[in-house]
Structure formats: C-alpha cells, structure tokens
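# Examining the three-dimensional arrangement
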Amino acid sequence: MTESHDDKDDHHQDELGHASSYYVILEEAIRVLLIEKGVFTAQEVETQIDGMDSRSPAVGSMIVAKAWTNPDFKAWLLRDAVEAVSSVGVDMNNQPDLVVLENTAEIHHVVVCTLCSCYPRAVLGVPPAWYKGREYRSRVVVDPRGVLEEFGTYLSDAINVRVIDQTADRRFLVLPSRPEFTDGWSADQLEALITRNSMIGTAIPLTPAQLKAETATQS
Amino acid sequence: MTGVHDIGGQDAGPIDLSDHALSSFDQRVDAMLMLLVHPNRGAFRVDALRRAIESYRQQDYDSLSYYERWLGAVRKLVVEQDILSEEEIAAKIAELKAQKVGG
Amino acid sequence: MITGSGKFTIGGLVRVRTGATDYHCRTPDFLKGKDGVVEFIVGKYPNPEQLAYHKPGLPKRELYQVRFKQGDIWPCYKGSGDDAIIADIYEDWLEQTPQETYHD
C-alpha cells in the first residue's frame, strides 16, 4: 500500500516465506470482522480451504492422460476446453475461460503471467512459488530457452518456443506430447508421467525410464 | 512509468525451483480472497485486487510475501468498499493482541 | 477473412499502442509499441481498467490473441527465428500496423 502503517517494523518474512506476526494478526482481525459482519461464515472459510486440495495438478494429469488415450476427447479439449473438462467433473463455475494448447514436434508452449500470477487453478490448483516469483515472470518472456534449461528442459532449435503471457481473461493449460515407448499404456499408467511443470510448459513429461528410476529412488 | 508488477523482460537472477506447501496463513488469505470475489458476495473484482497490489511501493512489493501482498490489498479494498473501517480493523487487532497476551 | 465485431481481423497486422499508465491496465510494458499478428478473436469482455475501480466494465472490450515474433520484441533475442510470444490484448490497446514498417 502507499499508506504506511506505523507498526511496519516487524513486516519482514522469514526465509520460508512465513508471514510476519503483524500480517498473521491482521489476517485474523479481517477474517473475524468479516465473519461478524456476515460477509462469510467460518464454515465457508474452512470449506474453501478444503476445496483447495481438490484442485491440484492431479486434475490436469487426468485430463492430459484422457486426451492421450481418447482422440475424440482430445479434439473436444482443444476445441472447447471448458466444456470438455466440465464433462469429466471439473467445476468450471466462476472460473476464467480455459484454453488447452497442444505441444507438438514443432511447437512447444510455455505459460507465464508477467503482470501477476494468473494460473489455470481449476485444473492445476495453486501455482508453485517460482511461478509467482520475479525471476520466472521477468525472464521467461525474453529468454525462454535459457529458463527452460534451468528446469532441465533442453529444446532443439528446430522446435519453435511459444511463450503465452496470460494477460487477460483466459487461462492456458499445456497438453504435452505423449512420451515414446508408452504404447498400450492405460490412462491411469500415463498419469504418472504427467508432471505439473509439463502442463505449464517448463518441462516435458517423464519418460517411462525416468518414472522407473524415480520410483526406484523412492522405494 | 510502469508499475512495480510489470516486470516482463527485466533482468533477474536464477529461478528458485524449491517447492513448499502453502502455510495455513497463506491458505486462509487465499480462501478469504476467493470468497470475497465470488459473485455471490461481489465485494470487489479480482481486477481490483491486482490494482491494489500494483499500488505497493517497490520496497514493499519486493519484501512482502505473496500472500502478505494479497492481504494488504484485501485490507485496502474492504475499507474502500465500506465493508470494514480502519478503526474497526485497528480495534480488532488490539483486541486480539490483548487476548493473546492475556493467554 | 474471419472478423468479429471489432476493428481487427484474423491474420491482420497490429501494433500495440504506447503510453505510460498510472492506472490498472493489462497490457504489459514490454509489448507496447511492438507489432504482431492477430491469431484469434477471443470475444468481448468487461473492461478490466474499469473493473479494477469497482465500475461495471462497460462497454465490453473486444479481446484479441496476438502473436509477436521474439526477434521483433528483443533485438538481441537468442533462439530460433520462429520463436514467439502470445498475449491477449484488448482492442483499445491496438492500432493498425503501418504496412511499410512490417517485415515478415
């Protein structure tokens, strides 16, 4: 804010991004007052928080896997993503319009919001910290290939990179290319290859070999 | 003049790829904002939230956490929309502080 | 050519208007003054420059999906010549590109 608060001294956050004590108490004050005034109820706040867990990258992975295994659904998704994702149970009420962009052998899409942090929350949940940060927002538009390399994603010069800056009323989900050596895989099996970053466009899906290595490390 | 938020193309350092879950503070601020902008309440539009965030001074925009920025903007907007007054907010903060000291 | 109710057509060359803004606007500074091509006519949406100040956002503004060549935006762009940036830009931020200045 341009107005200053006298008690601003304790405003710095710690390294993990935890809110300062001033903001913690400010949040409680505003929330309690809005409940007292009947703007919303405590229960509605709880329900809203619980609902955050239902919107996660798992929703996006399910949609991508379905598109990979069902050509009709894929065509529908690319033509009218709001209708298509609604048909598989995604609640698009009061959500911005959704558009799905297909990565191909020729074109790789990567999505950003340089002005704030617009993100396809209906299908990916809340954005990761880096997506909201200055470094990604500033740099991905001017040096997308360099930024993708920081994510471990190396694209050949033969692939055109398209950066989508979500400046207005639409949110974009990337439909990554289906990895090789996955013939005959079910949608459920394919979901494990589809990472959040592959649907933002900073990465490509895991290969079957990478998935196997990852699973081995975890067990 | 461009706003503090309008940073596409600027120089910046390497990207910190570490992921951390939202804190309960973050979740509550997120929930509160979503409820306020929901058409059933229509306290203000998300566009107004953006405008309020864009009005931060550079030092605040840079030093506050993401959800602290949101919360400061929510405070500005609920006052602007006559939903709460600064006096009410200050009184409630004092009340909550006194409760915590009193244990 | 496919046209909407707005001023510009798919495939049409457009230039993003310049001008500093001390109000809320959704046109990023790095695209101002840059030339692009209309890829898609998105439709009409309430004007965010009004919504941000608790006004109804009417009349609605036509929104365009515009593609910009990276090399046209950043003179020192490192990457393939076909790399592009895509952004949705409201009609009042667009003007016709003078033909002679656009090199495809």
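The structure displayed is predicted, hence computed values, not measured ones.

What counts, and where the lines are drawn
Residues numbered from 1 in each chain as written. Chains lettered and ligands numbered in written order. Predicted model: local features only at pLDDT ≥ 70, side-chain atom pairs only at ≥ 80, totals over all residues. Heavy atoms only, no water. Axes fitted to C-alpha atoms, helices over the stretch in contact; angles between N-to-C directions. Helix = DSSP H or I, 4+ residues; strand = E, 2+ residues; numbered from the N terminus. Parallel < 35°, antiparallel > 145°, perpendicular 65-115°, else oblique. Left-handed = near helix turned anticlockwise from the far one by under 90°. Contact = heavy atoms within 4.5 Å. Nonpolar A, V, L, I, M, F, W, Y, C, P; charged D, E, K, R; others polar. Buried area = accessible area lost by both parts, 1.4 Å probe. Salt bridge = Lys/Arg side-chain N within 4 Å of Asp/Glu carboxyl O. Polar contact = N/O pair within 3.5 Å; in protein donor to acceptor, adjacent residues only side chain to side chain. pLDDT = per-residue confidence, 0-100. Core = buried A, V, L, I, M, F, W, Y, C linked by side-chain atoms within 4.5 Å. Buried < 20%, exposed > 50% of the residue type's maximum accessible area, 1.4 Å probe, protein only.

Residue and element names in this part refer to chain A. Interaxial distance between helix 3 (residues 57–69) and helix 4 (residues 71–79) falls to 5 Å at its minimum, and their mutual angle equals 125 degrees. Regarding the angle of helix 3 to helix 4, the classification is oblique. Classified by chirality, the crossing of helix 4 by helix 3 is left-handed. For the pair formed by helix 3 and helix 4, the contact residues are Ile-63, Lys-66, Ala-67 and Thr-69 on the first element and Pro-71, Phe-73, Lys-74 and Leu-77 on the second. In terms of residue class, the contact of helix 3 with helix 4 is built from five nonpolar, one polar and two charged.

This part takes up the interface of chain A and chain B. Across the contact, 60 residues belong to chain A and 64 residues belong to chain B. Across the chain A to chain B interface the summed buried area is about 5,600 Å²; carbon plus sulfur atoms make up 62%. Connecting chain A to chain B are eight salt bridges. We note a salt bridge from Arg-28 of chain B to Glu-27 of chain A, for which the minimum N-O separation is 2.9 Å. The tally of links from chain A across to chain B stands at 20 residue pairs in polar contact (both at pLDDT 80 or more). Within the residue set of the side of chain A that touches chain B, elements represented by two or more residues are helix 1 (21–36), helix 2 (42–54), helix 7 (129–132), helix 8 (134–139) and helix 9 (144–150) of chain A. Here the side of chain A that touches chain B takes 14 residues from helix 1 of chain A, the largest share from any one element. The class makeup of the residues in the side of chain A that touches chain B is 30 nonpolar, 13 polar and 17 charged.

In this model, chain B carries an average pLDDT of 95, and 98% of its residues clear a pLDDT of 70 or more. Here the predicted complex carries an ipTM of 0.96, next to a pTM of 0.93.

Take the nonpolar core next. The nonpolar side chains of soluble globular proteins are, as a tendency, buried together. Residues Leu-77, Val-123 and Tyr-136 of chain A are the most contacted members of the largest nonpolar core, which totals 70 residues. Considering every element that reaches this core, the biggest residue donor is helix 3 of chain A, with six residues. Filtering out sequence-adjacent residues up to four positions away, Leu-77 of chain A remains in contact with Ile-63, Ala-67, Ala-84, Val-85 and Val-100 of chain A. Core analysis: the second largest hydrophobic core is formed by 43 residues, Leu-26 and Leu-34 of chain A together with Ala-52 and Leu-84 of chain B among them.

Moving on, we come to unusual backbone geometry. Between Leu-58 of chain C and Pro-59 of chain C the backbone carries a cis peptide bond, its omega angle lying at -5 degrees. Notably, Asn-94 of chain A is not glycine yet its phi reads approximately 55 degrees, a positive angle. Among the structural elements, Asn-94 of chain A can be located in the loop between helix 5 (81–87) and strand 1 (97–102). The backbone of Phe-181 of chain A sits at a positive phi, close to 65 degrees, despite the residue not being glycine. Mapped onto the elements of the fold, Phe-181 of chain A is located in the loop between strand 4 (170–175) and helix 10 (187–191).

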